[in-house]
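Below, each chain spelled out in residue letters.
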Amino acid sequence: MNVATPKCAHAAHPRRDVLGTDVSVISRDGAMALLAENIAARRFMPVTFLNAHNANVAIVDARFREALPGFLVLADGIGVDIASRMLYGEPFPDNLNGTDFVPEFFRRQKEKLTVALLGARRENALAAAEKLSEQAPQHEFVFLHDGYFEARDEEAILARLRALKPHVLLVAMGVPRQELWIADHIGPEHCTVPIAVGALLDFLSGAVPRAPLWVRRLRLEWLFRLGLEPRRLWRRYVVGNPVFLLRVLRQKFLGRRGGA
């Protein structure tokens, strides 16, 4: 299965090319209204988020890059805002990082939704479901499976999804595995809006701490995360951020959509 199709539910919205990925130019309220509208109409619409790291991955991973046109891609983080300023003269309307956007979306929606959680470690996903239930008790949050499954487990997971058919499916497997899994396996028979959420379930569970609010307001959460996990994240941020900006400069002055 491949969900990448030019007839996406979000195709009418303006987009900006950031290193070859088209990112929707949409406000926080507009994005939430779009999700709510598609859920109400039961229109299938995969969602993901683009930050500097994901854009770098898309440059070198052809399968990931080819899957992204099938998603509503939302702007996440200061890196893509800098890219937008450099390429288009203005930032994106809002910073729509999934860690804040997704829980806020659930809090805002008054009509009951069924939300399935797939990914992360079992204990983290269960704790995240409990946290979301506290924040948005009007919805039903269902733990589906942790993210450590093998190919032989997929049919059982998909069968359960077909039976449950949740309004929203949160897929937390990391980039690009989560987007590729959605693109390869998930269709309208499984859910309405699958969302690739990265480390959201780990953050909600408390297993990974969030940066203080003032750090997030300064849009330096990446620096806080680097301080917590320097061995794992130094390449992503210390190397990846300058590489991302160099690629954006190349796009600006050479007109190329990224490059190795």
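Quick caveat, the model's predicted, so the values are computed rather than measured.

The rules behind these values
- Residues numbered from 1 in each chain as written.
- Predicted model: local features only at pLDDT ≥ 70, side-chain atom pairs only at ≥ 80, totals over all residues.
- Heavy atoms only, no water.
- Helix = DSSP H or I, 4+ residues; strand = E, 2+ residues; numbered from the N terminus.
- Rg over C-alpha atoms; globule rule 2.2 N^0.38 Å.
- Buried < 20%, exposed > 50% of the residue type's maximum accessible area, 1.4 Å probe, protein only.
- Contact = heavy atoms within 4.5 Å.
- Areas by Shrake-Rupley, 256 points an atom, 1.4 Å probe, with all protein chains shown as cover.
- 1 Å grid on protein atoms, 1.4 Å probe; cavity = no way out; pocket = protein on both sides within 12 Å on 5 of 7 lines; lining within 4 Å.
- Points joined across faces, edges and corners; volume = space filled by probe spheres on them.
- Nonpolar A, V, L, I, M, F, W, Y, C, P; charged D, E, K, R; others polar.
- Polar contact = N/O pair within 3.5 Å; in protein donor to acceptor, adjacent residues only side chain to side chain.
- Phe/Tyr/Trp six-rings, centres within 6.5 Å; stacked < 30°, edge-to-face > 60°.
- Lys NZ or Arg CZ within 6 Å of the ring centre and 35° of its normal.
- Core = buried A, V, L, I, M, F, W, Y, C linked by side-chain atoms within 4.5 Å.
- Patch = residues over 30% accessible without salt bridge, like charges linked within 9 Å, V, L, I, M, F, W, Y side chains within 5 Å.
- Salt bridge = Lys/Arg side-chain N within 4 Å of Asp/Glu carboxyl O.
- Axes fitted to C-alpha atoms, helices over the stretch in contact; angles between N-to-C directions.
- Parallel < 35°, antiparallel > 145°, perpendicular 65-115°, else oblique.
- Left-handed = near helix turned anticlockwise from the far one by under 90°.

1. Focus on the overall build of the chain
Part 1 of the argument: Secondary structure assignment for the chain yields twelve helices and eight strands.
Part 2 of the argument: A compact globule built from 260 residues would reach a C-alpha radius of gyration of about 18 Å, and the chain, at 18 Å, matches this within 12%.
Part 3 of the argument: With the C-alpha coordinates aligned to their principal axes, the bounding extent of the chain is approximately 50 × 40 × 35 Å.
Part 4 of the argument: Evaluated residue by residue, the chain yields a buried proportion of 50% over its 260 residues.
Part 5 of the argument: Sequence separation of 24 or more characterises 75% of the internal contacts of the chain that already satisfy a separation of 6 or more.
Part 6 of the argument: Here the chain has roughly 12100 Å² of accessible surface; of this, 54% comes from carbon and sulfur atoms.

2. Re the layout of surface pockets
Part 1 of the argument: Looking at the second largest pocket, its volume works out to about 220 Å³.
Part 2 of the argument: Lining of the second largest pocket is provided by His53, Asn56, Val57, Val60, Arg232, Leu233, Arg235, Arg236, Val239, Gly240, Val243 and Arg247.
Part 3 of the argument: Taken together, the elements giving at least two residues each to the lining of the second largest pocket come down to α2 (52–60) and α12 (230–254).
Part 4 of the argument: Counting residues per element, the lining of the second largest pocket draws most heavily on α12, at eight residues.
Part 5 of the argument: Classifying every residue of the lining of the second largest pocket by side-chain character gives five nonpolar, three polar and four charged.

3. Considering α2
Part 1 of the argument: Burial within α2 is extensive, with seven of its nine residues counted as buried.
Part 2 of the argument: Within the sequence span of α2, burial applies to Ala52, Asn54, Ala55, Asn56, Val57, Ala58 and Ile59.
Part 3 of the argument: Taken together, the buried residues of α2 touch β2 (21–24), β3 (47–50), α3 (62–67), α4 (78–88) and α12.
Part 4 of the argument: Here α2 starts with a cap whose side-chain oxygen sits 3.2 Å from the backbone nitrogen of His53, and that cap is Asn51.

4. As for the packing of aromatic side chains
Part 1 of the argument: As enumerated under the stated definition, the model contains five aromatic pairs in all.
Part 2 of the argument: Measuring from ring centre to ring centre gives 5.7 Å for Trp222 and Tyr237, while their planes differ by 50 degrees; the resulting arrangement is tilted. Of this pair, Trp222 sits in helix α11 (residues 221–228) while Tyr237 sits in helix α12, placing them 15 residues apart in sequence.
Part 3 of the argument: Its relative accessible area of 28% is what places Trp222 among the partly exposed residues.
Part 4 of the argument: Among the aromatic residues, those joined into a cluster by ring pairs are Phe105, Phe106 and Phe141.
Part 5 of the argument: In this structure, Arg177 packs its charged tip against the face of Phe149, placed 5.0 Å from the ring centre.
Part 6 of the argument: Lys252 extends its terminal NZ or CZ atom over the ring of Phe253, reaching a point 5.7 Å from the ring centre.

5. Some points on the environment of Val243
Part 1 of the argument: Looking at where Val243 falls in the secondary structure, it is placed in helix α12.
Part 2 of the argument: Along the backbone, Val243 and Asp184 are 59 residues apart, and their C-alpha atoms lie at a distance of 29 Å.

6. Describing the nonpolar core
Nonpolar side chains tend to gather and get buried jointly when the protein is soluble and globular.
Part 1 of the argument: The biggest cluster of nonpolar side chains holds 36 residues, and the ones touching the most others in it are Phe106, Leu170 and Ile195.
Part 2 of the argument: Of the residues forming this core, the biggest block, five residues, is contributed by helix α1 (residues 28–41).
Part 3 of the argument: Ignoring anything within four residues of it in the chain, the contact list for Ile195 reads Leu35, Val47, Phe49, Val102, Val168, Leu169, Leu170, Val171 and Ile182.
Part 4 of the argument: Judged by nonpolar contacts, the second largest core, of 35 residues, contains Ala55, Ala75, Leu118 and Cys191.

7. Topic: a nonpolar patch on the surface
Part 1 of the argument: A surface patch of nonpolar side chains, about 420 Å² in accessible area, is lined by Trp214, Leu218, Leu220 and Leu223.
Part 2 of the argument: Checked against the element boundaries, Trp214 lands in helix α10 (residues 213–217).
Part 3 of the argument: A relative accessible area of 59% means that Trp214 is categorised as exposed.

8. A word on the packing of α1 against helix α5 (residues 98–108)
Part 1 of the argument: Look at α1 against α5: their axes get within 11 Å of each other, and the N-to-C directions meet at 60 degrees. With respect to their mutual orientation, α1 and α5 come out oblique. Crossing hand, α1 versus α5: right-handed. Residues Arg28, Asp29, Ala31, Met32, Leu35, Ala36 and Ile39 of α1 form the contact with α5, whose participating residues are Phe101, Glu104, Phe105 and Arg108.

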